[in-house]
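# Observations on the model geometry
Residues per chain are reported as follows:
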Amino acid sequence: MRVLPIKPASFAGFLLLGVLPVIAQDFVDVEAERRAATQPPLEESSSVAPATSYTGIQPYSGSTTVAQPPIEATTPITGTDSGSLMLRVQQLEADVRQLNGLLEEATQALRLLEAQSLERYVDLDRRLAAGSDAVVEGGAGSADAVMAPIASEAPTAGREVDAQEGEEAAYRAAYELVREREFDDAVEAFTEFLANFPFGRYAPNAHYWLGELYLVLDPPDPELARQNFKLLLDQYPADPKVPDALYKLGRVQFIKGNRQRSREYLDEVIREYPSHAAAQLARQFLLENF
Amino acid sequence: MIARRWSILFVLLLASAARGELQIEINQGVENPTPIAVVPFAWQGVGSAPEDVAQIVDSDLARSGQFSPVSRRDMLSYPTRESELFFRDWRAISAEYVLIGRVSVGSQARIDFQVFDTTRQEAVADGTVTGPVTELRMLAHRVSDSVYETLTGIPGAFATRLLYVSVTRNPDGKDFYRLTLADADGRRPIVLLEGRDPILSPAWSPNGTEVAYVSFETSRPAIYRQNLRTGEREQLTNFKGLNNSPAWSPDGNSMALVLSKDGNPDVYLLNLKSRALTRLTRHFAIDTEPTWMPDGKSLLFTSDRGGRPQIYRYDLRTQKIERVTFEGPYNARARVAQDGRNVALVHQRNGRYHIAVFDLVTDRLTVLTETSLDESPSIAPNGSIVLYATKRGEDSILGAVAVDGGVRFSLPARQGSVQEPAWSPYVTP
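The structure presented is a predicted model; accordingly, all values stated were derived computationally and were not measured.

### Observations concerning the overall build of chain B
When you go through chain B residue by residue, the secondary structure sums to three helices and 31 strands. Here chain B holds 429 residues, and the buried ones make up 50% of them. Contacts spanning at least 24 positions in sequence make up 46% of the contacts within chain B whose residues lie at least 6 apart.

If you want it as C-alpha cells, here you go:
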C-alpha cells in the first residue's frame, strides 16, 4: 500500500468512522445534502441526518447496476447486536464489492469476445467476397505471416491508369505462382513485372504481394517486405491497400523487434481507418502482442 | 491543542532554499540524439550577464535526451549573428544545428535567437522572447521550448514549474515538510509552506496562478488554496475525517475532492464561487483520487468497488460511472494528459508498483518504469513526460520517463526525500 499513501488512512478511516454512524450518514438523500451545501461556511456540521429525512436508498448508478444491501435505517441497532450486525454488513459489502468486480470483468470479457467474433466474421466475409483465388492459406510453414490475405485480388478499380498491353497478363501470371505456392518464383515474377511496368495499374498490388511474399519465403526477409509495403505507402498513398500495408508494416516491425514502430503503424491503421478490416486485425494483434 | 509553529513564506521574501533543491541526472536518452551547438549568447547590457542564457538552453535540450549539445570547448568560434557564422566550422565538429542569440536588458529583458541547419545552410527558426528582467531564466526556457518545437515538432515544456513536497529529518529525528515550487529544471526553489506536519496532494489551478494542497497543520487534514502571486491563503474544507486529493476543474470554477464526512471516502465537487458542495459518488467502497478529463465533462477516479483499486470514469452530465481499467490487480492515481487520451497511473505487476500509461482510445496499458515502488505520476503539459516519485535507498526521489519510454532521468533532492510532484500547466506569459 506504499503507492497510495492515502489508502491506508482511508481504510483506517473507514473502519474507525464507519462503525457507528455509517447507516445514518451514508444514505443522506441528495436533495437534503444540496440544500445543506448552499449554506455558506464549509465548517463541519453535525452531518448525521435525522432518520426522518431518510427517503430511500440511492441505487449505485454505475454501468452495472448493483442495488445496495437493503438496510432498514428506521430499525435502530442497539445493544450487543450492533457489533455482530456491523460485522455482517461489512462482510456483505466486501462480498458485493467482489461480485461487482467479477461482473465488471465478465462484462468486459464479453465485450472483447463480441469484438473478436465480429472481426472473424468480417475476415471470413472478406475472404468469401474475394473469391477462392484470393485465399492463400498459411504458406511455407508460416501460416501466421500470410494470415488474412487482405489484398483482394482485383486491381484497384477507378484508378485512372489503364493497364498497358501485356501488363494484366504478366500480373496474372505472377499471381498464379502465388496460388500455386511457388513463392520463390512468384517473387521473381513480380520483381520482373515491376521492372517492365513500374508505373502500371497493377504496380501497387505487385508491391503489396512482394511484401507478403518476402514474409513467407524460407528464410523470410522482413526488410525487403518492409521496403515494399513502405513503397506502396509512400508512392500510392490513396491506394485502397494502404490500410492493409500499414497493418503489415506493423507486423513486420514487430518481427524486426521494433515494438515502438510496430505500435505506431498499428495505431495509425486504427486511427485512420477505424472501420476497415485491417484495423480489426491491428486491434487483435495489439491485444495479443502488447 | 499543541501550538504549532508555521511559517508561510512568500515568493518575494524568500532568499534561498538549497535544501529543497533538486538535481537532475539523465539516465537514458534516445538512441541517436541530435547534435546541436548552443553558442554563448551576446550580452548587451551593463556589467556581466546575470544568467548564462545559452547554458540554460543547452541544459534544457540535453535533459530532453533528444539532443546532444556540442561542448563549448569544441566550438571554433562564438558567432552571435548570422554574418559571423561559417557553416563549415560547424559541420567540422558534426553539429547538425547551431543556435545563436543575443540578450539585451532595458526596462525588459529581450532574447533574440536563430537556429541554423548546417547541412542545408539556412535558418530554420528565429524568434524573440521578452519579459521581466527577473525572469531571465524563464525567458531562456521559452527559447528552449521554441527550439525544441521547431526541431522535434512537439511543443517543449521547459518554461514550466514543478510543485513537490520535500522531507528532511530534523536532528530530533522528526520529519520536516516543505511544499516547494521550482522551475522545471529544478532551479530557483521557493518554499511555499513548511512545518512538522505532513503536506499532501499538491495540485495546480488550470491557469497556474494558484495551488491547492492538503495540510495537517490543524488537528485534522484540511484542503487549502494559495495564490502564488499574492501569497494569500485560504482554508477550503474542514470536515470530519478525510479531506484530500483536491483537483481543480479545467475551467477553474470548481474543485473535485475526497471527503469521508459521510462515513467513507467519496468524491465531492466544490463550487469555488458559491461554495456549494455536491456529492458525486455514493458507494460504501472507497472512491478517491479524482482527476479531470481535459474537456471538464468527466472525471476519472480510483475505486475499490470491484474488490480491488481500479480506475473508473464519472460522467458529470449523465452521472453514470463506468470502469476504465481491467488489466492487472491494481490501477490507481490516474492523471490525464492534455490530449485526453493518455492516462498515467500506478499499476501493479508481479507485486511491484510501476508507472504505466493507459491509452483511452485503444484501451492499451504500457508499463513505463522498471523500479518497484513508483507513485504519484504527473504529466508534463506537453504530454511527453511523466514525473513520479520512487525510492532510491532510504530516500524517495523524483523520476521522469518519456511517455514513449525513450528518455529517463531522475531528480533526487540534494538532501532528504522528495515526493508528490505536480507539473504545472502552461502559463500564459
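There is more to say, and it comes next.
### Some words on unusual backbone geometry
In the segment running from A:D218 into A:P219, the intervening peptide bond is cis, with an omega of 0 degrees. Its location among the elements puts A:P219 in the loop between helix 7 (203-216) and helix 8 (222-235). A positive phi is found at B:S201, a non-glycine position, where the angle reads about 50 degrees.

### A word on the packing of helix 10 (residues 259-272) of chain A against helix 11 (residues 277-289) of chain A
Residue and element names in this part refer to chain A. Where helix 10 contacts helix 11, the two axes come as close as 8 Å, and the packing angle between them is 140 degrees. As summarised for this structure, helix 10 and helix 11 are arranged oblique, according to the angle between their axes. Considering how the two elements wind past one another, helix 10 and helix 11 form a crossing that is left-handed. Residues L266, V269 and I270 of helix 10 touch helix 11, and the partners they reach there are A278, A279, A282, R283, F285 and L286. For the contact of helix 10 with helix 11, the class distribution of residues is eight nonpolar, no polar and one charged.

### Describing the sheet that holds strand 8 (residues 161-169) of chain B
All names here are of chain B. In spatial order, the strands read 10-9-8-31; together these four strands make up an open sheet with antiparallel pairing. Looking along the sheet, the strands with just one partner apiece sit at the ends: strand 10 (190-195) and strand 31 (417-423). Strand after strand, the sheet turns through a mean of 20 degrees between neighbouring axes, direction not considered. As paired elements, strand 8 and strand 9 (residues 175-183) share nine bridges and run antiparallel to each other. Each residue of the ladder has a partner; that of R169, found in strand 9, is D175.

### Here's the deal with the pairing of strand 15 (residues 243-248) of chain B
Of all six residues that make up strand 15 of chain B, six are buried, and the element is covered over most of its length. Between strand 15 of chain B and strand 16 (residues 254-259) of chain B, which pair antiparallel in sequence order, lie five residues; one of them, B:G252, sits at a positive phi of approximately 75 degrees.

### Things to note about helix 8 of chain A
All names here are of chain A. Look at helix 8: 20 Å from first C-alpha to last across 14 residues, which is about the 20 Å you get at 1.5 Å a residue. The complete set of buried residues in helix 8 reads A225, R226, N228, F229, L232 and L233. Along the long axis of helix 8, the arc covered by the buried residues comes to 165 degrees, so they all point the same way. Residues of helix 8 that are exposed and point over 90 degrees away from its buried face: E223 and D234. Contacts made by the buried residues of helix 8 are with helix 7 and helix 9 (242-255).

### Concerning the confidence of the model for chain B
When pLDDT is averaged along chain B, the result is 89, and 95% of the positions lie at 70 or above. We note a pTM of 0.65 for the whole complex and an ipTM of 0.71 for its interfaces.

### With respect to the pairing of strand 9 of chain B
Every regular strand shows the same layout, with side chains that alternate between the two sheet faces. All names here are of chain B. Of all nine residues making up strand 9, seven are buried, and the element is well covered by its neighbours. Connecting the antiparallel pair strand 8 and strand 9 is a turn made up of five residues, with G173 showing a positive phi of about 85 degrees. Here five bridges tie strand 9 to strand 10, and the two strands are oriented antiparallel to one another. Bridge pairing links R178 to E194 in strand 10. Hairpin geometry of strand 9 and strand 10 is characterised by an intervening segment of six residues between the two adjacent antiparallel strands and by a positive phi of about 85 degrees at G186.

Criteria and thresholds
Residues numbered from 1 in each chain as written. Chains lettered and ligands numbered in written order. Predicted model: local features only at pLDDT ≥ 70, side-chain atom pairs only at ≥ 80, totals over all residues. Helix = DSSP H or I, 4+ residues; strand = E, 2+ residues; numbered from the N terminus. Buried ≥ 20, exposed ≤ 12 C-beta atoms within 10 Å, placed from the backbone. Contact = placed C-beta atoms within 7 Å. Axes fitted to C-alpha atoms, helices over the stretch in contact; angles between N-to-C directions. Parallel < 35°, antiparallel > 145°, perpendicular 65-115°, else oblique. Left-handed = near helix turned anticlockwise from the far one by under 90°. Nonpolar A, V, L, I, M, F, W, Y, C, P; charged D, E, K, R; others polar. Pairing = 2+ DSSP bridges. Expected span 1.5 Å × (residues − 1). Arc of directions from axis to C-beta. pLDDT = per-residue confidence, 0-100.

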